[in-house]
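Residue strings, one per chain:
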Amino acid sequence: MPDVTPRPTDAEASGEAAKLWLSWLWVGIPGLWGVYHVVVDALKIFK
Amino acid sequence: MAMFSFLDRERTIAHPGYNRWRIPTAALAIHLAIGQAYAFSVFNLPLSKQEGWKLSTIGWVFSIAIVFLGVSAALFGKWLERVGPRRAMFAAACCFSGGFLVGALGIRTHSFPLLLAGYGVLGGFGLGIGYISPVSTLIKWFPDRPGMATGMAIMGFGGGAMIASPLSVGLMNHFRTATSQGVAPTFVSLAILYFIFMMFGVFTVRLPREGWQPAGWTAPLTPPKLVTTANVEVNEAMRTPQFWLVWWVLCLNVTAGIGVIGQASPMIQEIFFKGNRPAAAAGFVALLSLANMTGRFGWASLSDVIGRKATYTTFFVLGMALYAFVPHTGQLQSVLLFVIAFVIILSMYGGGFSTVPAYLKDLFGTMQVGAIHGRLLTAWSAAGIFGPVLVNYIREYEIDHGVPKADAYSVTMYLMACLLLVGLICNLLVRPVDPKHYFTGEIEPDGRSAHPPLGGAIPGGVNA
């Protein structure tokens with residue numbers, strides 16, 4: 001049986017890539033903001 | 001209702017070309033939000049000042065939330081498998097945000113029971129449903145790396161407090177007035193912010209099409225010894241010794257971890273800083289939360305390579321050695337060794353949470369792994385009560401009998417090492433599930449069981 005699954009077009013593939021980036025930014029920015037605060041606090045242990 | 005048809009399982013099937021790496025972001029959107037629970041303590045002092053409630057009374061809000069996390073995860077696991085991850089995530093967002101709103105009303109009306117019912121009970125339901133909502137979906141999208149995938153989501157739960165803590169403090173500072181600490185408006189703001197944040201997960205999550213596999217990947221012909229290709233229904237799983245052995249493995253690992261988390265800050269202050277450096281002690285706690293978070297991802301990812309049983313064996317053997325070693329760091333007066341030991345211990349505490357969904361998938365298959373994981377989380381609730389009680393009771397007993405404060409920690413550490421020994425024995429007793437427990441009915445295309453087990457032919461089986 002040949003594989004008849006429709007393949008995404010180039011436009012669809014680039015749209016998907018953009019959504020992937022936006023998704024990671026959505027969770028990544030607050031996540032990194034939280035990590036920054038913790039690292040700043042953690043460094044106090046060595047002061 | 002047609003209005004909510006976008007939540008239907010059928011509407012969440014991924015289109016061809018959907019990138020599976022978007023699924024962890026949906027899971028993280030839920031877990032980073034509900035991980036706020038770990039930062040609830042930032043409200044303790046302001047609530048105490050504003051309402052005059054005792055700190056020990058306010059502490060019940062978090063405890064009740066964790067109890068209801070376990071209860072709801074156990075109760076709603078089967079429902080989640082039936083309705084799919086999107087509806088479950090939506091329900092979690094409504095309960096979690098609703099918990100904040102009801103809690104805010106409780107604060108405004110000076111009603112502690114309403115705060116307890118809001119954040120503790122309703123919010124607790126949001127925690128439980130949210131916690132298990134992405135697990136089976138991630139395992140279906142990442143059959144090649146189930147540990148890494150679920151580890152990434154559960155890392156979010158560990159990291160949620162890192163966002164919530166400075167965010168809540170900032171909001172309270174913004175809303176504080178001469179007569180109010182600003183907790184109620186902070187609760188309302190958090191309800192709105194978290195609802196929006198979680199909706200991203202609701203709209204992003206997708207289920208793979210029937211028969212989908214990662215490009216270039218095929219299931220290994222000879223999977224490792226403990227990995228089954230069969231499935232076990234959730235109620236049947238609870239009749240297996242493997243479920244209860246893993247239950248104890250999680251419970252004991254978490255009990256030992258909770259036991260030291262509560263002790264970490266007073267320990268470093270009393271043993272090394274003699275109470276002179278509270279900022280450094282706070283830094284130590286921050287470092288531990290970072291270790292807890294990164295351990296969730298690191299250990300779960302490693303379990304894909306070395307296996308789940310070996311990973312837990314490492315937790316227990318290395319944990320015993322480190323718990324026994326910690327009292328000696330005080331004698332050596334080595335802060336560095338003390339910090340390193342605790343960082344590794346806390347990474348394994350987090351790793352215990354994040355590796356368990358993949359362990360369950362190995363033992364019971366993917367069909368109802370989310371529901372089975374939900375039932376297993378009762379071990380967490382039990383440990384949440386057992387751990388602090390055990391540690392506090394022993395510590396008080398020691399001090400009452402004349403043991404110096406700094407030395408009283410040693411007994412706690414040795415006791416925790418004993419608990420880990422019991423956990424190690426439970427883990428070593430885990431064997432492949434007896435084929436008589438395998439599900440033999442039809443599995444619907446979406447992975448749900450269509451009929452109860454009938455006995456007879458076994459679809460797939462364990463590679464013993």
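Predicted model, so just to flag it, every value in this text is computed and none were measured.

Some remarks on the overall build of chain B
No. 1: A tally of regular secondary structure across chain B gives 16 helices and zero strands.
No. 2: Here chain B has a C-alpha radius of gyration of 22 Å; the compact-globule value for 464 residues is 23 Å, and the two agree.
No. 3: Each principal axis of the C-alpha atoms in chain B carries an extent, and together these give about 65 × 50 × 35 Å.
No. 4: Within chain B, buried positions represent 53% of all 464 residues.

Remarks on the interface of chain A and chain B
No. 1: Taken together, the 26 residues of chain A in the interface contact 25 residues of chain B.
No. 2: By residue class, the composition of the side of chain A that touches chain B is 14 nonpolar, five polar and seven charged.

Comments concerning the domain arrangement of chain B
Residue and element names in this part refer to chain B.
No. 1: Taken domain by domain, chain B comprises domain 1 (9–204) and domain 2 (234–437).
No. 2: Every contact between the two is made by 30 residues of domain 1 and, on the other side, 30 residues of domain 2.
No. 3: Going through the elements one at a time, helix 3 (55–83), helix 6 (135–141) and helix 7 (146–175) are the ones with two or more residues in the side of domain 1 that touches domain 2.
No. 4: Across the side of domain 1 that touches domain 2, the residue classes tally to 17 nonpolar, nine polar and four charged.

Notes on the environment of B:Y323
Residue and element names in this part refer to chain B.
No. 1: If you trace the backbone, Y323 turns up in helix 12 (residues 308–332).
No. 2: Take Y323: there are 23 C-beta atoms within 10 Å of it, and that puts it in the buried class.
No. 3: For the pair Y323 and F342, spaced 19 residues apart in the sequence, the C-alpha separation amounts to 8.7 Å.
No. 4: With near-sequence residues (within four places) excluded, Y323 lies in contact with M413, M416, A417 and L420.

Side note on the nonpolar core
No. 1: Formed by 154 residues in total, the largest nonpolar core has its most connected members in B:A29, B:A92, B:M198 and B:L250.
No. 2: Sort the elements by how many residues they give to this core and helix 10 (residues 241–273) of chain B lands first, with 17 residues.
No. 3: Two domains each put at least three residues into this core: domain 1 (9–204) and domain 2 (234–437) of chain B.
No. 4: Every residue in contact with B:A29, bar those within four places of it in the chain, is listed here: A:W26, A:V27, B:F197, B:M198, B:F200 and B:G201.

A word on the confidence of the model for chain B
Residues and elements named next belong to chain B.
No. 1: When pLDDT is averaged along chain B, the result is 88, and 94% of the positions lie at 70 or above.
No. 2: Across residues 450–464, confidence stays below pLDDT 50; counting only partners more than four residues off in sequence or on other chains, it has 40 contacts.
No. 3: Reported confidences for the modelled complex are a pTM of 0.87 and an ipTM of 0.84.

Regarding the packing of helix 13 (residues 335–364) of chain B against helix 14 (residues 369–376) of chain B
Residue and element names in this part refer to chain B.
No. 1: In the contact formed by helix 13 and helix 14, the axes pass within 10 Å of each other and the chain directions differ by 125°. For the element pair helix 13 / helix 14, the angle class is oblique. Judged by the sense of rotation from one axis to the other, the crossing of helix 13 with helix 14 is right-handed. Where helix 13 approaches helix 14, its residues V356, P357, L360, K361 and F364 are matched on the opposing element by V369, I372, H373 and L376.
No. 2: Residues of the contact of helix 13 with helix 14, tallied by class, amount to seven nonpolar, one polar and one charged.

Notes on the environment of A:W33
Residues and elements named next belong to chain A.
No. 1: Relative to the helices and strands, W33 is located in helix 1 (residues 10–43).
No. 2: Accessibility expressed as a C-beta count within 10 Å gives 13 for W33, which makes it partly exposed.
No. 3: Along the primary structure W33 and I45 are separated by 12 residues, whereas in three dimensions their C-alpha atoms are 20 Å apart.

Here we look at helix 4 (residues 85–108) of chain B
Residue and element names in this part refer to chain B.
No. 1: Between its terminal C-alpha atoms helix 4 stretches 34 Å, which fits the 34 Å expected from 24 residues at 1.5 Å a residue.
No. 2: Here helix 4 lies mainly inside the structure; 19 of its 24 residues are buried.
No. 3: Downstream of helix 4 by a residue or two, H110 has a phi angle that is positive, lying close to 60°.

Observations concerning helix 3 of chain B
Residue and element names in this part refer to chain B.
No. 1: Between its first and last C-alpha atoms helix 3 spans 40 Å; for 29 residues at 1.5 Å apiece the expected length is 42 Å, and the two agree.
No. 2: Along helix 3, the sharpest kink reaches roughly 50°, centred on F76.
No. 3: Just downstream of helix 3 lies G84, where phi reads positive at about 95°.

Some points on the packing of helix 3 of chain B against helix 5 (residues 112–132) of chain B
Residues and elements named next belong to chain B.
No. 1: It is at 6 Å that the axes of helix 3 and helix 5 come closest, and there the two elements cross at 40°. With respect to helix 5, the axis of helix 3 lies oblique. The two elements helix 3 and helix 5 cross, and the hand of that crossing is right-handed.
No. 2: Tallied by class, residues from the contact of helix 3 with helix 5 come to 21 nonpolar, eight polar and no charged.

Looking at the environment of B:T150
No. 1: Within the secondary structure, B:T150 sits in helix 7.
No. 2: Along the chain, B:T150 and B:L337 lie 187 residues apart, while their C-alpha atoms are 31 Å from each other.

Observations concerning unusual backbone geometry
No. 1: Phi angles above zero are rare outside glycine, and B:H110 is one such case at about 60°.
No. 2: Here B:H110 lies in the loop between helix 4 and helix 5.

So, how was this worked out
- Residues numbered from 1 in each chain as written.
- Chains lettered and ligands numbered in written order.
- Predicted model: local features only at pLDDT ≥ 70, side-chain atom pairs only at ≥ 80, totals over all residues.
- Helix = DSSP H or I, 4+ residues; strand = E, 2+ residues; numbered from the N terminus.
- Rg over C-alpha atoms; globule rule 2.2 N^0.38 Å.
- Buried ≥ 20, exposed ≤ 12 C-beta atoms within 10 Å, placed from the backbone.
- Contact = placed C-beta atoms within 7 Å.
- Nonpolar A, V, L, I, M, F, W, Y, C, P; charged D, E, K, R; others polar.
- Domains from an automatic or database assignment.
- Core = buried A, V, L, I, M, F, W, Y, C linked by C-beta atoms within 7 Å.
- pLDDT = per-residue confidence, 0-100.
- Axes fitted to C-alpha atoms, helices over the stretch in contact; angles between N-to-C directions.
- Parallel < 35°, antiparallel > 145°, perpendicular 65-115°, else oblique.
- Left-handed = near helix turned anticlockwise from the far one by under 90°.
- Expected span 1.5 Å × (residues − 1).
- Bend = angle between axes of the 7 residues up to and from the residue.

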